[in-house]
Amino acid sequence: MEANAQVKEARAILRYARISPRKVKIVLDLIRNQDTEKAQAILKNIPNSAAEYLLKLLNSAIANAENNFNMDGKNLYVSECYVCPGPTLKRMMPRARGSADRILKRTSHMTIVVKERN
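All values reported here derive from a predicted model rather than from experimental measurement.

**Q** An account of helix α3 (residues 50-69) is needed here, citing residue identities and associated values.
**A** Side chains of residues three or four places apart in an α-helix project in the same direction, reflecting 3.6 residues per turn. Taking 1.5 Å of rise per residue, 20 residues should cover 28 Å, and α3 covers 27 Å from first to last C-alpha, within 8% of that figure. Among the residues of α3, those classed as buried are Ala50, Ala51, Leu54, Leu55, Leu57, Leu58, Ala61, Ile62 and Ala65. Buried-residue contacts for α3 involve β1 (9-17), α1 (21-31), α2 (36-45), β2 (76-85) and β5 (108-116). Immediately beyond the C-terminal end of α3, within one or two residues, lies Asn70, with a positive phi of roughly 55°.

**Q** Residues and numbers for the pattern of salt bridges, please.
**A** Any two side chains of opposite charge can pair if their charged atoms end up close together. Here the structure, examined in full by the defined rule, presents seven salt bridges. Across the pair Arg95 and Asp101 runs a salt bridge, and its minimum N-O distance is 3.3 Å. On the basis of relative accessibility, which here comes to 44%, the residue Arg95 falls in the partly exposed class. For Asp101, a relative accessible area of 38% puts it in the partly exposed group. Connected via shared salt-bridge partners are Glu9, Arg11 and Lys115.

Conventions and cut-offs
- Residues numbered from 1 in each chain as written.
- Predicted model: local features only at pLDDT ≥ 70, side-chain atom pairs only at ≥ 80, totals over all residues.
- Heavy atoms only, no water.
- Helix = DSSP H or I, 4+ residues; strand = E, 2+ residues; numbered from the N terminus.
- Expected span 1.5 Å × (residues − 1).
- Buried < 20%, exposed > 50% of the residue type's maximum accessible area, 1.4 Å probe, protein only.
- Contact = heavy atoms within 4.5 Å.
- Salt bridge = Lys/Arg side-chain N within 4 Å of Asp/Glu carboxyl O.

Next comes the structure, spelled out in structure tokens:
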């Protein structure tokens, strides 16, 4: 590949989503390397709560590709998708005999990257 030839990619990032990264990763594994139309169909029909966040994120990545990089929306596929843990909110829950348990409310940073097929 030549030095000045660049591979076009468009990305969308969602930060501080109030859902555990572990739950998101299950859904991301289903849409990785899929065409965007098929990925949208999977996300619309899967019952996981992470699918709602990811569908909006995927639509945003597709819109970024079409508007900012002049890519063809029909030839796009999900080249990368990953989730990283965000900051954890720590809460206390009262328990028996005056003690307390810690509740960890986890957050996620999600990223979807789409590229054009050759």
